[in-house]
Amino acid sequence: MREFKYTDCFDKYDRIMQFNKNKKTYIHGWYPFVEGYSKEFINSILSELDYIPQHCLEPFSGSGTTALELQKNNIKCSSFEVNPFMFSLARSKLRTDYTVRSLKKHLNSIERALEDVVPEIETVYPPPIYKSMMQRDSLDKWIFNLETMRGLLDIKFAIDGVNDNKYRQLFKISLASLLLEISNVYRNGKCLSYKKGWKKINEIQRGNVHELFVEKIENVILPDIKEINKYKRAEGKLFSNHNFCHLGDCKEKISLLEDGAVDLVITSPPYLNSRDYTDTYMIELWMLDLINDYNELRDLRRKTFKSHVQVAWGNMPLLSIKELSDAIEKLEPHKDKFWNKNLLEMIKGYFLDMDILFSKLKRKMKSNGKVYLNVANSAYYGVEIEVDKIISTIAETHEFEVEEIRKARKIKPSSQQKEQIPFLLEVVIVMRKK
Ligand SMILES: C[S@@+](CC[C@H](N)C(=O)[O-])C[C@H]1O[C@@H](n2cnc3c(N)ncnc32)[C@H](O)[C@@H]1O
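Note that this is a predicted model, so its numbers are computed, not measured.

## Re the site of the ligand
Reasoning step 1: Close to the ligand lie 26 residues; Ser63, Thr65, Glu81, Asp249 and Cys250 are nearest.
Reasoning step 2: The side chain of glutamate 81 places a nitrogen or oxygen atom 2.6 Å from an oxygen atom of the ligand.
Reasoning step 3: In the environment of the ligand, a nitrogen atom lies 3.4 Å from a nitrogen or oxygen atom belonging to the backbone of valine 82.
Reasoning step 4: Burial of the ligand by the surrounding chains reaches 98%, relative to a free accessible area of 610 Å².

Structure (structure tokens):
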């Protein structure tokens, strides 16, 4: 069995693996994306490479951290994202052709529209059909109180009147960044949970929603667009990765790239933690009309990496990798207790997806190109899944050589696992294409 080389990089990576550091950073801060890493992670990789990359690939774009930071360094980055919310977030962040003048002009038109709103706007401009999105007499629980939803619908309606798609998208992203905060729920790991005492929390009134939106544009977006304009005046045209960011399943979309073109990959795939991004980001998806009915939601889930159990994946073959078959064997006896019957198929499917991705990636990469893959191990029923070793083994069957597995952070497992597994390792796998 291949022994991989582990290196202790806890000091180097501990803080920079979290998006938190990006919260107030130029453009990265437009939307707090907790599942992302920081721009410092990208820069730490650039500073250790012994070549200047010409074409990076980010198969799991998320909020676009990799492509955005590389763009600032004038490096081309092709990126893919299956979730239309993260896709439109990343695309909006990657544009460099906004102007302060146009932003102010469109914001003024929105503010004017908000001065004269339709009293019961939900009757003429309906909220998403998602059952508990808005307070109704027939519901015990709802995500937005009626007045809050009215404020949101007013803004959406006003945004529809903006006659320039790029600013419409930018305003929608700004609106999205407020949604969770003014809702009755919070992101609780795998799902959305109701805030404690949510029925007693002061209701956010319609006018407050308008104010929060305008403040977001004036205090967060506008200063960054001023910066973009300043850089443009100083440097001429700014390089943009906007057109290289694509919507869709990376396993399919990777075929868009030329063979042998990619000389660097920086990425963080969904972890094998049964977190479904179409679930945790469902407010953004529905409120931005990126999902309009349950069929669309089901189709989207089917395209995502098999890291969750929201889809019955069906019988999956088992890749022949010792760490994987050992884990599956240890999990089998717990089958009757599984909180979801798709758990084993998800685990097998996750590594099958990884195998497909690497089998295609090998054709797209230049010899000696590097891959930096950030991922964490998982645990179910006291059985640890050594995701780091399994992915490394898969990669080595596809002409990659794993140089080292860097230990980045120790992640707390769920309370049920704690006794048997004190921590789960989060790592950065560093590979080289042979
Ligand atoms: C861990 S996040 C990436 C975060 C990113 N590094 C950042 O800083 O924002 C993984 C992303 O992969 C996306 N994803 C899941 N399945 C995918 C697929 N088949 N193709 C492309 N993207 C996918 C998820 O929607 C999610 O946004």
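## Here we look at empty space enclosed by the protein
Reasoning step 1: Scanning the entire structure with this criterion turns up one cavity of 30 Å³ or more.
Reasoning step 2: By volume, the largest cavity amounts to about 50 Å³.
Reasoning step 3: At the level of elements, β7 (262-267), α15 (343-364) and β8 (365-376) are the ones that each hand at least two residues to the lining of the largest cavity.
Reasoning step 4: No other element matches the three residues that α15 contributes to the lining of the largest cavity.
Reasoning step 5: Class assignment for the residues of the lining of the largest cavity results in eight nonpolar, one polar and no charged.

## Details of the pattern of salt bridges
Reasoning step 1: Throughout the structure, instances matching the rule amount to 30 salt bridges.
Reasoning step 2: For aspartate 97, the salt bridge identified is with arginine 95, shortest N-O distance 2.9 Å.
Reasoning step 3: Looking at aspartate 97, the relative accessible area reads 32%, which means it is partly exposed.
Reasoning step 4: Judged by its relative accessible area of 21%, arginine 95 is partly exposed.
Reasoning step 5: A salt bridge links aspartate 353 to lysine 306, with the nearest nitrogen and oxygen atoms 3.1 Å apart. With aspartate 353 in helix α15 and lysine 306 in the loop between α13 (294-303) and α14 (322-331), this residue pair connects regions lying 47 residues apart in the sequence.
Reasoning step 6: Overall, lysine 306 belongs to the buried group, its relative accessible area being 15%.
Reasoning step 7: One connected set of salt bridges, linked through shared partners, spans Lys12, Glu48, Glu404 and Arg406.

## A few points about the pairing of β7
Reasoning step 1: Of all the six residues making up β7, six are buried; the element is thus mostly covered by neighbouring parts of the structure.
Reasoning step 2: Pairing geometry for strand β2 (residues 55-58) and β7, over two bridges, is parallel. When the sheet's bridge partners are listed, cysteine 56 is paired in β7 with leucine 264.
Reasoning step 3: The sheet contact formed by β7 and β8 spans five bridges and is parallel. Residue pairing in the sheet places threonine 267 in a bridge with leucine 373 of β8.

## Describing the packing of aromatic side chains
Reasoning step 1: Tallied over the full model, the rule gives 21 aromatic pairs.
Reasoning step 2: Ring plane angle 45° and centroid distance 5.0 Å describe the contact between tyrosine 194 and tryptophan 198, whose orientation is recorded as tilted.
Reasoning step 3: The class for tryptophan 198 is buried, based on a relative accessible area of 10%.
Reasoning step 4: Considering the side-chain rings of tyrosine 277 and tyrosine 281, the 6.4 Å spacing of their centres and the 15° angle between planes classify their relative orientation as stacked.
Reasoning step 5: Note on tyrosine 281: relative accessible area 0%, which makes it buried.
Reasoning step 6: An aromatic cluster of at least three residues, connected via ring pairs, comprises Tyr31, Phe33, Phe85, Tyr277 and Tyr281.
Reasoning step 7: Over the ring of phenylalanine 244 we find lysine 76; its NZ or CZ atom is 4.5 Å from the centre of that ring.
Reasoning step 8: Taking the ring centre of phenylalanine 10 as reference, the NZ or CZ of lysine 410 above it sits at 5.3 Å.

## Here we look at a nonpolar patch on the surface
Reasoning step 1: Taken together, the side chains of Val118, Val124 and Phe157 define a hydrophobic patch exposed on the protein surface, amounting to about 270 Å² of accessible area.
Reasoning step 2: Topologically, valine 118 is positioned in the loop between α5 (100-114) and α6 (121-124).

## Thoughts on helix α3 (residues 65-72)
Reasoning step 1: When you tally the buried positions in α3, you get seven out of eight residues, the bulk of the element.
Reasoning step 2: Within α3 the residues assigned to the buried category are Thr65, Thr66, Ala67, Leu68, Glu69, Leu70 and Gln71.
Reasoning step 3: Buried residues belonging to α3 abut α2 (39-48), β2, β3 (76-81), α4 (84-94) and β7.

## Some details on the nonpolar core
Reasoning step 1: Ranked by internal contacts, the top residues of the largest apolar core, which has 85 residues, are Phe41, Phe85, Phe144, Phe171 and Phe213.
Reasoning step 2: Mapping this core onto the domain boundaries places at least three of its residues in each of domain 1 (6-81 + 239-274 + 309-433) and domain 2 (100-235).
Reasoning step 3: When near neighbours in sequence (up to four residues on either side) are disregarded, phenylalanine 213 contacts Leu107, Ile110, Ile155, Ile159, Phe171, Ser174, Leu175 and Leu178.
Reasoning step 4: Core analysis: the second largest hydrophobic core is formed by 55 residues, Cys250, Phe305, Leu319 and Val375 among them.

## Some details on the domain arrangement of the protein chain
Reasoning step 1: For the protein chain, the domain assignment lists domain 1 (6-81 + 239-274 + 309-433) and domain 2 (100-235).
Reasoning step 2: When each unit is reduced to the centre of its C-alpha atoms, the spacing between domain 1 and domain 2 is 32 Å.
Reasoning step 3: Tallying the contact residues gives nine residues for domain 1 and 13 residues for domain 2.
Reasoning step 4: Summed over both partners, the interface of domain 1 with domain 2 buries about 960 Å², with 63% contributed by carbon and sulfur atoms.
Reasoning step 5: Joining domain 1 to domain 2, the criterion identifies zero salt bridges.
Reasoning step 6: Of the residues contributing to the side of domain 1 that touches domain 2, the split by class is five nonpolar, four polar and no charged.

## Overview of the sheet that holds β3
Reasoning step 1: Overall, mixed pairing links the eight strands, which are arranged β1-β11-β12-β8-β7-β2-β3-β6 in an open sheet. Unpaired on one side and paired on the other, β1 (6-8) and β6 (245-247) mark the two borders of the sheet. Averaged over all adjacent pairs, the angle separating strand axes in this sheet is 20°, with direction ignored.
Reasoning step 2: Relative to strand β11 (residues 400-411), β1 runs parallel, the two being bridged by three bridges. Bridge pairing links tyrosine 6 to isoleucine 405 in β11.

Parameters at a glance
Residues numbered from 1 in each chain as written. Predicted model: local features only at pLDDT ≥ 70, side-chain atom pairs only at ≥ 80, totals over all residues. Heavy atoms only, no water. Near = heavy atom within 4 Å. Polar contact = N/O pair within 3.5 Å; in protein donor to acceptor, adjacent residues only side chain to side chain. Areas by Shrake-Rupley, 256 points an atom, 1.4 Å probe, with all protein chains shown as cover. 1 Å grid on protein atoms, 1.4 Å probe; cavity = no way out; pocket = protein on both sides within 12 Å on 5 of 7 lines; lining within 4 Å. Points joined across faces, edges and corners; volume = space filled by probe spheres on them. Helix = DSSP H or I, 4+ residues; strand = E, 2+ residues; numbered from the N terminus. Nonpolar A, V, L, I, M, F, W, Y, C, P; charged D, E, K, R; others polar. Salt bridge = Lys/Arg side-chain N within 4 Å of Asp/Glu carboxyl O. Buried < 20%, exposed > 50% of the residue type's maximum accessible area, 1.4 Å probe, protein only. Pairing = 2+ DSSP bridges. Phe/Tyr/Trp six-rings, centres within 6.5 Å; stacked < 30°, edge-to-face > 60°. Lys NZ or Arg CZ within 6 Å of the ring centre and 35° of its normal. Patch = residues over 30% accessible without salt bridge, like charges linked within 9 Å, V, L, I, M, F, W, Y side chains within 5 Å. Contact = heavy atoms within 4.5 Å. Core = buried A, V, L, I, M, F, W, Y, C linked by side-chain atoms within 4.5 Å. Domains from an automatic or database assignment. Buried area = accessible area lost by both parts, 1.4 Å probe. Axes fitted to C-alpha atoms, helices over the stretch in contact; angles between N-to-C directions.

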